[in-house]
Amino acid sequence: MKMNMLSGKTMRMLLAGAGVTMVMSLAPQAFAASPADTLVIGFAIDDIISIDPAEAFELSTAEVTANSYNLLVRLNPDKTSEVVNELADSWTISDDKLTYTFKLKPGLKFASGNPITAEDVAYSFERAVKLDKSPAFLLTQFGLTGDNVTEKAKAADELTFTLTVDKPYAPSFVLNVLTSTVASVVDKKLVVSKAKPVTPTAEYKYDTDFGNEFLKTGYAGSGPYKVLAWKANEAVVMEANPNYFGEKPKLKRVIYRYMKESATQRLALETGDIDIARNLEPGDLAAVSKKDGLATTSAPKGTIYYISLNQKNANLAKPEVREAFKYLVDYDAIGETIIKGIGEIHQTFLPKGQLGALNENPYKFDVAKAKELLAKAGLKDGFTVSFDVRNTQPVTGIAESFQQTAAQAGIKVDIIPGDGKQTLTKYRARQHDLYIGQWGSDYFDPNSNAETFSSNPNNADDAKTKTLAWRNAWDIPELTKETQSALLETDAAKRAAIYEDLQKKVLADGPFVNIFQQVEVAGYSKKLKGFKLGPSFDTNFVNTVSKD
């Protein structure tokens, strides 16, 4: 079997460019145990577009940044209702709930050796807002703009950072947002030194790229590991940060090696070429669990897999067609085969475990019902539609299943495969008909999913806020207002009721066919100690992992 990995030559060149000497046992030509000081992870990382935390918005990148950057506060992986200190030593909230003041821990350093100050925090917020990349809305929703960010997010002194928001939001919402990747703190001195001049335009009025070109593949953080290199669809290489202030990494190096196929990962794990396999399908997962020297683990994730329908397509914009598609998924068959052990059927947009989440799955596979709805829409003879699908499992299997079941109602689905970067780029430009994707909560608050599934403040093509509703051109002013109202409700029960109502409305009428909630699984060598999966991708920490 041909291994879908870096060639030995490519790996050595990549590592040499990062200033690292790699032992020959990493070369994939021969299956040999990975080095004792290195954790090698097989992972489908083709969704990574950039590792700049102000731009990164993919699940794989969230894990990389979580292990290489720090935040003011972070989600407690053992109790997801709590936010705990990281760079912040303490914080206070003003009586009017508009100003958040964070006192930083003294004496902390970036991997470069530069001190971590409140000025670095302020700069990190400033560059994220002014760059205005995909995750910027997480911060701009607080009223931050390129014009006011330096006043609203600023250093009061060397170790005091203040954030002023525009409305008295529920404090748990604000703090949870600050646990997301976009709030990662970067080394201002280093990033400024790497910034490239830019000629201002009507769309981008700044004369600097704020180091974005550098940080797409570079590093300026303070986390337990520092990123030495990332090469698309090949590998991410990280090395222990000697300046890290927290629990020191147990291993010198971590390599995320791109491997798309489950069978490839399983073989590499069994031969010792990798230590952890992260994309195992049900059959391979079961086989690994029975293999001497190997073990499996799992953790429910706040990640929803869904099919979405672009409302720019006149056929897909018909309410009856949106509903018909929800009856054309064979949920039982998918649950029993494709996602067995790695997910559970879940049709609402809030994952289990979050405030207000509903566990209602009213739709069943029903071709007759779908045909009836299509006839009402004037499409009794069906139609043809394209389907953009990332060429990895389980999405490919689900797409092929849907292709077959939709055909029974006369709908011809043309699958267009591509890697994660290709399909995401097309999806974000609203150039798809159907798209199958996964949405992981950016932070453990129901607004993370509500604001993307049930909010679209501006449906114009040039809108600044590009939620999933926007990507699918679903214009919903009333639902948007309702979603925003939940942010100002401090009573938890009343807030939960709003989210329950939103889920019911999106379930009934939305352009989203939600299929399942992910249970993340991994197969790993029993030589590892301290390895576990967290409740989110940005709580999958590797600095605790050691090897016998």
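Given the structure is predicted, the values throughout are model-derived calculations rather than measurements. (Residues numbered from 1 in each chain as written. Predicted model: local features only at pLDDT ≥ 70, side-chain atom pairs only at ≥ 80, totals over all residues. Heavy atoms only, no water.)

When its secondary structure is counted, the protein chain shows 19 helices and 19 strands. Relative to its length of 548 residues, the protein chain is compact, with a C-alpha radius of gyration of 23 Å against a globular reference of 24 Å. The principal-axis extents of the C-alpha atoms in the protein chain amount to approximately 65 × 60 × 45 Å. Restricting the contact set of the protein chain to residue pairs at least 6 apart, pairs at least 24 apart contribute 71%. Carbon together with sulfur atoms contributes 50% to the accessible area of the protein chain, which is approximately 20,700 Å² in total. (Helix = DSSP H or I, 4+ residues; strand = E, 2+ residues; numbered from the N terminus. Rg over C-alpha atoms; globule rule 2.2 N^0.38 Å. Contact = heavy atoms within 4.5 Å. Areas by Shrake-Rupley, 256 points an atom, 1.4 Å probe, with all protein chains shown as cover.)

Spatially, the four strands line up as an open sheet ordered β4-β5-β7-β6, and their pairing is antiparallel. Single-partner strands in this sheet number two, and they are β4 (88–93) and β6 (153–157). For this sheet, the mean angle separating the axes of adjacent strands, direction not counted, is 25°. Packing of helix α3 (residues 118–131) onto the sheet brings it into contact with β5 (99–104), β6 and β7 (160–164), and relative to β6 it is tilted by some 170°. (Pairing = 2+ DSSP bridges. Axes fitted to C-alpha atoms, helices over the stretch in contact; angles between N-to-C directions.)

Below, the discussion takes up helix α19 (residues 492–509). Over its 18 residues, α19 extends 26 Å from the first C-alpha to the last, a length consistent with the 26 Å expected when each residue adds 1.5 Å. Within α19, the full set of buried residues consists of Arg495, Ala496, Ile498, Tyr499, Leu502, Gln503, Val506 and Leu507. Taken around the axis of α19, the buried residues stretch over an arc of 165°, which confines them to a single face. α19 presents Ala493 and Lys494 as exposed residues on the side facing more than 90 degrees away from its buried surface. Along its buried surface, α19 packs onto α6 (171–177), α11 (319–326), α16 (447–453), α18 (477–486) and β17 (512–525). (Expected span 1.5 Å × (residues − 1). Buried < 20%, exposed > 50% of the residue type's maximum accessible area, 1.4 Å probe, protein only. Arc of directions from axis to C-beta.)

Purely spatial values, then, with no claim about function.
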